[in-house]
Amino acid sequence: MLLTLTTTHKPATDLGYLLRKNPARPQSFGLSFGRAHVFYPEASDERCTVALLVEVDPVGLVRNRRGPSGEGGALEQYVNDRPYAASSFLSVAIADVFGTALAGNSKERPELVDVSIPLHVAFSALPCRGGEQILRKLFEPLGYNVTATRLPLDGRFPNWGESAYFRVELAATLPLKQLLSHLYVLVPVLDNDKHYWVSEDEVAKLMRHGEGWLATHPEREAIARRYLKHQRSLVDDALTQLAEESEPNPDFVAETQAQEEEAIERNISLNEQRLGAVIAALKGSGAARVLDLGCGEGKLLQLLLKEKQFAEIVGMDVSHRALEIAKDRLHYERMPSMQKERLRLMHGSLIYRDQRLTGFDAAAVVEVIEHLDPPRLAAFERVLFECARPATVVVTTPNREYNVKWETLPAGKFRHRDHRFEWTRAEFQDWANHVAVRSGYKTRFLPVGQEDSAVGSPSQMAIFSK
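Everything numeric in this text was worked out from a predicted model, so none of it was measured. Residue positions are given per chain, counted from 1 along the sequence in the order it is written. Side-chain atom pairs in this predicted model are given and counted only at pLDDT of 80 or more, local residue features only at pLDDT of at least 70, and totals for whole chains, interfaces and linings cover all residues. In computing side-chain values, all of the structure's heavy atoms are included and hydrogens and water are not.

(A) Focus on the pairing of strand S14 (residues 459-465). Type-normalised accessible area, obtained with a 1.4 Å probe on protein chains alone, sets the label of each residue: buried when under 20%, exposed when over 50%, and partly exposed for intermediate values. What counts as a helix is a DSSP run of H or I of at least four residues, what counts as a strand is a run of E of at least two, and both are numbered from the N terminus. Within S14, 6 of the 7 residues are buried, leaving the element largely enclosed by the surrounding structure. Paired strands, as defined in this entry, are two strands with at least two bridges between them according to DSSP. Looking at chain direction, strand S12 (residues 392-398) and S14 are connected through 7 bridges and run antiparallel. By the bridge assignment, Val393 is partnered in S14 with Phe464.

This is how it looks when you write it as structure tokens:
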């Protein structure tokens, strides 16, 4: 497999200092699966190209039992694309041969490590499981210009059709260490395979080499899933860490969320109608022990305390500031002892499994899910419906279709700047039904607020029952 890397940064031969590989001397390196060769087809002040040629010994891999598990005596062990197409073996070679540059170290040119320089990468054969579309989805959000030419299965037999392999060129201006980290992670993702055992160590590698870019990548979930060979426990761990890395300031969100949403919804007192609908659903479930997840400033908690049916009430929020406001709103310090025994406020995140959330009859999640991007939403689903598993869950979220009814809300804008999505009625029901089927619940849906015949109600509610 062949990778070339070119720069026109002047002097271009600084590339040799960044890689710690002398342009005047070809070098070879032993690898656990073969050999890697580094040489420079061109090296001048105007233009410098380094080539990494990786030779994989598939017979040696079988002999040393380093091939993928479960292959037995299959011919695939000996006849495969490993010597020719870029794969996880190339990532290993990059880490072994260009490890200093990947780590962002340069003894001779330390001032260049963080400098963006023009870089052009070419792969002679790159597998793209998912076609050119997945290739572009992975690299274009990182600022690369992508050129891809699909290779035929066999040029002598055009009727055989096209292969899953592409000749690929990537061009961008960025620090070399950043480019190498992108290649290290994304080449195995494109191949959708790894040729060695994947363990918890791979999650740490993904976090280390994805630092600074992976948490905000729009395809981070697919990247984590493919990089970790679809092992759910490892993928869940990675997505949770990525969600934490991209988590906005919870105190800022708590202070601005209520103000912005109430400014839009004030005229129809939607929040009061929403909380009333939630209270009615919780009472109708017969629950005695209730969770308010994402309790914010405690408005729902205040109403729950008025209902004698609820013997134990727990409010949880990720924002310390919101919990302090809730205490003031509820006059917690001056609350009668019997009332205070019914209420507990605790700090916590909805995307981490928490044993404190188990054993409750019902949970309310009021206008919370729309603040979660896909990885955090998936983590939240696992925390609530697979770990905590209350008998009843009440979820409300805005109805995007209704936004046209507010003149103060510009077309296409969400009700709050921190909303990651706002669903239509069909989208919300589709999400809820999938969660319910997967987790052993049944669902029913209710409108919240005055309904419009064309666009529905301003807010929507799903009631999950085990």
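(B) How the structure looks around the packing of helix H3 (residues 88-97) against helix H6 (residues 176-191). Convention adopted: a line fitted to C-alpha atoms gives each axis, helices being fitted over their contacting stretch, and angles between N-to-C directions are expressed from 0 to 180 degrees. Contact pair H3 / H6: the axes reach a minimum separation of 7 Å and the direction vectors enclose 155 degrees. Taken together, H3 and H6 sit at an angle that is classed as roughly antiparallel. H6 is crossed by H3, and the crossing has left-handed handedness. Where H3 approaches H6, its residues Ser88, Leu90, Ser91, Ile94 and Ala95 are matched on the opposing element by Leu180, Leu183, Tyr184, Val187 and Pro188. Gly counts as polar in this scheme, as do all residues outside two lists: the nonpolar Ala, Val, Leu, Ile, Met, Phe, Trp, Tyr, Cys and Pro, and the charged Asp, Glu, Lys and Arg. Class assignment for the residues of the contact of H3 with H6 results in 8 nonpolar, 2 polar and no charged. In what follows, roughly perpendicular refers to angles from 65 to 115 degrees, roughly parallel to angles under 35, roughly antiparallel to angles over 145, and oblique to any angle outside these ranges. Two helices crossing with the near one rotated counterclockwise from the far one by less than a right angle form a left-handed crossing, whereas a clockwise rotation gives a right-handed crossing. Contacts between residues were defined by any pair of non-hydrogen atoms, one from each residue, lying within 4.5 Å.

(C) Spatial organisation of the packing of aromatic side chains. Put simply, two rings from Phe, Tyr or Trp (the six-membered ring, in Trp's case) pair if the centres are within 6.5 Å, and we call them stacked under 30 degrees between planes, edge-to-face over 60, tilted for the rest. In this structure the tally under the stated criterion is 13 aromatic pairs. Aromatic side chains Phe385 and Tyr441 sit 5.4 Å apart centroid to centroid with 90 degrees between the ring planes, which places their arrangement in the edge-to-face category. With a gap of 56 residues between them, Phe385 in helix H15 (residues 374-388) and Tyr441 in the loop between helix H16 (425-439) and strand S13 (442-448) connect regions that are remote in the sequence. Here Phe385 falls in the buried class, since its relative accessible area comes to 0%. An aromatic cluster of at least three residues, connected via ring pairs, comprises Phe385, Phe421, Trp423, Phe428, Trp431, Tyr441, Phe445 and Phe464. Seen from the ring of Tyr332, Lys340 lies directly overhead, with NZ or CZ sitting 5.0 Å from the centre. By definition, being over a ring means that NZ of Lys or CZ of Arg is both within 6 Å of the ring centre and within 35 degrees of the ring normal.

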